[in-house]
Amino acid sequence: TSFQRVLNMKEGTLNRSYIATMNNGITVNDQVQRLMSLVDDECAAIKYTFRIDADADVKICSYIDADVKNSDANYDEKFWNEISRSAMSNEAYIVTETKKTAFRICTGFNTSVYLDNTSTNTEVKPGEKEKYVEQQFQFHAKRDSSITVYKYCSVTTSENYEKSELAAACLSNVSNLCAKGYETILNEQRIAWQKKWESSDIIIEGDVAAQQGIRFNIFQLNQ
């Protein structure tokens, strides 16, 4: 019933909010913020904050799906072969390789869930299948309680590491993000972008569209 997405170029975050009614009639209000870190290379973080308008059993599934195709690909081509994968209670990753050029990446993540700012202490159920890994959380939530999900992610590539080192480097990045915590990561992002804009902003007077356009280009180049 409601949807908004805003790119904050000043601070380097993408913010999304929506209100949706589930098939069972429960309404979910979600606020999402994500960032690609300028401070921690190869890293990203996402924060989801949900509210529901009824008592409910909640299931959250955090995953990586490597079995995808590009929307503009000819003949519905898929470009990735799976090399290895692992899903554990504290982290999960997949190593994939392009079919023609043998370029490898490792994509890894850690997920944590809080209910009214307190860890749910819910047993994490890891799962995996071909080209897919997940972490699953299940718990009961009261009406109007706040459910917060943090997802810390990293992507490492064979351009920067030996192929045998990809997974270790990826999981090391994820571990470092978890140790920092989301608010520290977000604050570092704001400071880093402030310094970028101090040195790279271009001001155009009298043309709002051109001003926004040039700043979007500058944002993309830095990001």
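The structure reproduced in this document is the subject of the present report. Please read all numbers here as calculations on a predicted model, not as lab measurements.

Analysis parameters
- Residues numbered from 1 in each chain as written.
- Predicted model: local features only at pLDDT ≥ 70, side-chain atom pairs only at ≥ 80, totals over all residues.
- Heavy atoms only, no water.
- Core = buried A, V, L, I, M, F, W, Y, C linked by side-chain atoms within 4.5 Å.
- Buried < 20%, exposed > 50% of the residue type's maximum accessible area, 1.4 Å probe, protein only.
- Helix = DSSP H or I, 4+ residues; strand = E, 2+ residues; numbered from the N terminus.
- 1 Å grid on protein atoms, 1.4 Å probe; cavity = no way out; pocket = protein on both sides within 12 Å on 5 of 7 lines; lining within 4 Å.
- Points joined across faces, edges and corners; volume = space filled by probe spheres on them.
- Pairing = 2+ DSSP bridges.
- Axes fitted to C-alpha atoms, helices over the stretch in contact; angles between N-to-C directions.

Across soluble globular proteins, you tend to see nonpolar side chains buried next to one another. Among the nonpolar cores identified, the biggest contains 17 residues, and Ile 52, Val 58, Ile 60, Val 113, Phe 139 and Ile 147 are the most heavily contacted of them. Looking at this core, the elements that each hand over two or more residues are β3 (27-36), β4 (43-52), β5 (56-65), β11 (132-141) and β12 (146-157). With 4 residues, the top contributor of residues to this core is β4.

Turning our attention to the layout of surface pockets. Empty space within the largest pocket amounts to approximately 710 Å³. If you go around the largest pocket, you meet 25 residues; those closest to its centre are Tyr 18, Phe 50, Lys 59, Ile 60 and Cys 61. Those elements giving two or more residues to the lining of the largest pocket turn out to be β2 (13-21), β3, β4, β5 and β12. Here the lining of the largest pocket takes 10 residues from β5, the largest share from any one element. Size it by volume and the second largest pocket reaches roughly 310 Å³. As for the second largest pocket, its lining consists of 18 residues, and the residues nearest its centre are Arg 34, Leu 35, Met 36, Ala 44 and Ile 46. Elements represented by at least two residues in the lining of the second largest pocket include exactly β2, β3, β4 and β12.

What follows is about the sheet that holds strand β10 (residues 125-129). In space, the 3 strands of this open sheet follow the order β5-β11-β10, with antiparallel pairing throughout. Each edge of the open sheet carries a strand with a single partner, namely β5 and β10. Taken over all neighbouring pairs, the strand axes of this sheet differ in orientation by 25° on average, direction set aside. Judged from the 5 bridges that link them, β10 and β11 form a sheet pairing that is antiparallel. Considered in β11, the bridge of Lys 129 is made with Tyr 132.

What follows concerns the environment of Ala 169. For Ala 169, the location among the structural elements is in helix α1 (residues 166-180). The exposure class assigned to Ala 169 is buried, which follows from its relative accessible area of 13%.

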